[in-house]
Amino acid sequence: MSLKAGIVGLPNVGKSTLFNAITNSHVLAENYPFATINPNTGVVMVPDERLDFLTDMFKPKKKINATFEFYDIAGLVKGASKGEGLGNQFLAAIRECDAIVEVVRCFDNAQVLRYNEDPVDPANDISVINLELSMSDLDSINNRIAKQETKARVAHDKVAQYEMPILTALKGILEQGQPARLVQGLTKDQMDYARKNFFLLSLKPIIYVANVADSDYMDIESCKYYQLVKAIAEKENAQCIPLSCQIEYEISQLPSKADRDDFLKSLGASESGLDKLVKASYRLLNLSTFFTCGADECRAWTFRNGSLAPECAGIIHTDFQKGFIKAEIYSFDDLKTYGSEPAVKEAGKLRSEGKDYVMKDGDVVFFRFNVSK
């Protein structure tokens, strides 16, 4: 399952430094606007303590984590929706992403240039990006209204009649320069329809990353800039993760896990901000994990919540779905409680599930299938 989040923000807020840390790669991260022109792509492992536990128990030949894809997208400037800067490339790249990770500068540093030379202002930076995405979406909505309004009014087209109240509500919020995800008065079904059919940039789920100064990392609640971003995220019912992109990059460069753990302990942290970000991005898209275990490998597989057992079997191989017979399942929590697979079976916690079973996060599964020649 290929899913990706786009790392966005104004120029010089730390996007490429964050991307380097996430992927432990070495893309261009320079102190001038538009150092990133074409999106850089990186696939990262989703950290999962449960998979570590399973690997210790089953001692397979290899361990395979679930993965998640990040795009490092060119910095946006005011007027991007009208083609300013690299606006067209920026907007096209976001359109290809499933979610948005917006990096917001939350530190003072005269050595790092501001693209507009204004003082650091996280709220303004967020509003610039919201405005540009909203104006781009407004063009799309107006074009769709122009096509559907006559169909609804004159031809009484059912699809157009269903769409018009949704389009009208979205137009209202977008004209205020606000993202479509903040629209009021639409039902869940209407919002789901809009996401599926209108392809709006500002309807994509979002995580705010507050890029704080190294000196604020250990006393984050005292960082006034972070508090501003946090308040905006809470108002939007979005997530906000504070981290120092520079520190995270330094952690990623350490040679061993032990070194990284020691560094984190010195900061008073149990896990890196990057691990928190990857996990949060995973949850943001309504994803969960099931596991397969054996002598050859222990592996984490990504699925969308609500998926049925045959669909999850198909993630492993299409033949598994075509010839699905049943799924033999127990939960990770039961395995941890009882201490071994035989003990789980003895306790009656191993279940045989059919085609209508809705998979759950943490299921450990063995699929039985038969494909006729």
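Let me sum up the structure you'll find in this document. (Residues numbered from 1 in each chain as written. Predicted model: local features only at pLDDT ≥ 70, side-chain atom pairs only at ≥ 80, totals over all residues. Heavy atoms only, no water.)

Bringing the overall build of the protein chain into the picture now. Broken down by element type, the protein chain carries 14 helices and twelve strands. Taken across its 373 residues, the protein chain has 48% of its residues classed as buried. Across the protein chain, the fraction of contacts at a sequence separation of at least 24, relative to all contacts at a separation of at least 6, is 69%. (Helix = DSSP H or I, 4+ residues; strand = E, 2+ residues; numbered from the N terminus. Buried < 20%, exposed > 50% of the residue type's maximum accessible area, 1.4 Å probe, protein only. Contact = heavy atoms within 4.5 Å.)

Take the packing of helix α4 (residues 122–153) against helix α5 (residues 158–174) next. At a minimum axis distance of 9 Å, the contact between α4 and α5 shows a crossing angle of 150°. For the element pair α4 / α5, the angle class is roughly antiparallel. The way α4 lies across α5 gives a crossing that is left-handed. Contacts between α4 and α5 involve Ser134, Met135, Asp137, Leu138, Ile141, Asn142, Arg144, Ile145, Gln148, Glu149, Lys151 and Ala152 on the former and, on the latter, Val159, Ala160, Gln161, Glu163, Met164, Leu167, Leu170, Lys171 and Leu174. Counted by class, the contact of α4 with α5 contains eleven nonpolar, four polar and six charged residues. (Axes fitted to C-alpha atoms, helices over the stretch in contact; angles between N-to-C directions. Parallel < 35°, antiparallel > 145°, perpendicular 65-115°, else oblique. Left-handed = near helix turned anticlockwise from the far one by under 90°. Nonpolar A, V, L, I, M, F, W, Y, C, P; charged D, E, K, R; others polar.)

For the rest of this paragraph, the subject is the environment of Cys245. The topology assignment puts Cys245 in helix α8 (residues 245–252). Residues Cys245 and Val212 lie 33 residues apart in sequence; the distance between their C-alpha atoms is 7.7 Å.

Moving on: helix α6 (residues 188–197). Along α6, the positions that sit buried rather than exposed are Gln190, Met191 and Ala194. Summarising the axial view, the buried residues of α6 lie within an arc of 100°, below the 170-degree limit, and thus occupy one face. Residues Lys188, Asp189 and Lys196 are exposed on α6 and point more than 90 degrees away from its buried face. Residues of α6 that are buried in the fold lie against α5. (Arc of directions from axis to C-beta.)

Next up on the list: the sheet that holds strand β4 (residues 67–72). With mixed pairing, six strands are arranged side by side in an open sheet as β2-β4-β1-β5-β6-β7. Among the strands making up the open sheet, the edge pair consists of β2 (40–45) and β7 (239–243). Taken pair by pair, the neighbouring strands of this sheet meet at an average axis angle of 25°, ignoring direction. Across six bridges, β2 lies against β4 in antiparallel orientation. Each residue of the ladder has a partner; that of Met45, found in β4, is Thr67. With respect to the sheet, α4 is in contact with β5 (99–106) and β6 (206–212), its orientation differing from that of β5 by roughly 150°. (Pairing = 2+ DSSP bridges.)

This brings us to the packing of aromatic side chains. Scanning all chains against the criterion turns up nine aromatic pairs. Centre to centre, the rings of Phe290 and Phe303 are 5.9 Å apart; their planes meet at 45°, and the pair counts as tilted. Taken together, the positions of Phe290 in strand β8 (residues 287–293) and Phe303 in strand β9 (residues 297–304) put the pair 13 residues apart, joining distant regions of the chain. The buried category is assigned to Phe290, whose relative accessible area is 0%. Members of the aromatic cluster, each reached through a chain of ring pairs, are Phe290, Trp301, Phe303, Phe324 and Phe367. (Phe/Tyr/Trp six-rings, centres within 6.5 Å; stacked < 30°, edge-to-face > 60°.)

The residue Phe199 is not glycine, and still its phi comes out positive at about 55°. Looking at Phe199, the relative accessible area reads 56%, which means it is exposed. One non-glycine residue, Asn286, adopts positive backbone phi at about 60°. Mapped onto the elements, Asn286 comes out in the loop between α10 (273–284) and β8.

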